[in-house]
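# Report on the structure
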Amino acid sequence: MSKLELVISRQRIAAKVTHLARRISQDYAGQELVLIGVLNGVFIFISDLARKLTIPTRVDFIRLASYGSESASSGRIEMTKDVETDLEGRAVLIVEDIVDSGLTLHWLKNHLAERGAISVKTCVLINKLERRTLPVELDYVGFEVEKGFLVGYGLDYDGQHRCLPEVYHLVLT
Ligand code: PRP
């Protein structure tokens, strides 16, 4: 049995996405930006964010998994789809729904470091601090959450709850 407790409402998400998009558009004014979304969880956040940007933007994706089907990080990164855009000379913004242990972002920044981008920054909707094992530099952060298993707005539990429009704490009872 489980229950869902609301953590971040759709109104707060919408306001935050608008705020982040405004900051990013200002910071990258006069440049073209490549958004790199980390599948699968990011698909809702990146589509909302991309549509609010007012600068020329390309979008690409990478598919990484760090969790398997469990709620605890396995400490292992598996890449099943790489970025296809030539990043040479481009400004890159990694977009993530959540940073938890930091393993995924740490791995990805190293993976992209050799691709010739002029900059690689990070935008995460939720910075969850409870299980951080690797320090990662975050440039744009939507919300800080201390702990709890979060689902909704792209976040899943074993494939469930991804398409909820708000972020919930999944409480297993
Ligand atoms: C989640 C999330 C991040 C990663 C963060 O993805 O979307 O990519 O975990 O965790 P970390 O900081 O501990 O590495 P997940 O592996 O669950 O795959 P999914 O996006 O397909 O749900």
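Above this note sits the structure.
What you see is a predicted model, and the numbers here were worked out from it, not measured in a lab. (Residues numbered from 1 in each chain as written. Predicted model: local features only at pLDDT ≥ 70, side-chain atom pairs only at ≥ 80, totals over all residues. Heavy atoms only, no water.)

What the protein contains, in helices and strands, is 3 helices and 9 strands. Taken from the N to the C terminus, the helices and strands of the protein come in the order β-α-β-α-β-β-β-α-β-β-β-β. On C-alpha atoms alone, the protein measures out to a radius of gyration of 16 Å, which is about the 16 Å that the 2.2 N^0.38 rule sets for 173 residues. Taken along the three principal axes of its C-alpha coordinates, the protein extends 50 × 35 × 25 Å. Burial status across the protein gives 43% buried among its 173 residues. Considering only contacts in the protein between residues 6 or more positions apart, those separated by 24 or more positions represent 67%. (Helix = DSSP H or I, 4+ residues; strand = E, 2+ residues; numbered from the N terminus. Rg over C-alpha atoms; globule rule 2.2 N^0.38 Å. Buried < 20%, exposed > 50% of the residue type's maximum accessible area, 1.4 Å probe, protein only. Contact = heavy atoms within 4.5 Å.)

Turning to the pairing of strand β9 (residues 167-172), a few remarks are in order. The pairing of strand β1 (residues 2-8) with β9 spans 6 bridges and is classified as antiparallel. By the bridge assignment for β9, Ile8 is matched with Val167. Sheet analysis places strand β8 (residues 150-151) next to β9, joined by 2 bridges and oriented antiparallel. In the sheet register, Val151 faces β9, and the bridge partner there is Tyr168. (Pairing = 2+ DSSP bridges.)

Okay, the sheet that holds strand β2 (residues 33-39) next. Strand order in the open sheet made by the 6 strands is β4-β3-β2-β5-β6-β7, with mixed pairing throughout. Strand pairing shows two members of the sheet lacking a second neighbour, β4 (78-81) and β7 (140-145), which therefore form its edges. Ignoring which end each strand starts from, the neighbouring axes of this sheet average 30° apart. Note: strand β6 (residues 119-128) against β7, 5 bridges, orientation parallel. Looking across to β7, one finds that Asn127 is bridged to Glu144. Seen against the sheet, helix α2 (residues 43-52) touches β2, β3 (57-65), β5 (91-99) and β6 and runs at an angle of roughly 135° to β5. Running over the sheet, helix α3 (residues 103-113) touches β2, β3, β4, β5 and β6 and is turned about 165° from β5. (Axes fitted to C-alpha atoms, helices over the stretch in contact; angles between N-to-C directions.)

A separate point is unusual backbone geometry. Omega for the bond connecting Leu39 with Asn40 falls within 30 degrees of zero, at 0°, which places this linkage in the cis form. With respect to the helices and strands, Asn40 occurs in the loop between β2 and α2. With a phi angle near 50°, Tyr153 is a residue other than glycine that sits in the positive phi range. Summarising the element assignment, Tyr153 is placed in the loop between β8 and β9. Unusually for a residue other than glycine, His161 sits at a positive phi of about 75°. Assignment of secondary structure puts His161 in the loop between β8 and β9.

Everything listed is a geometric property; what it means functionally is a separate question.
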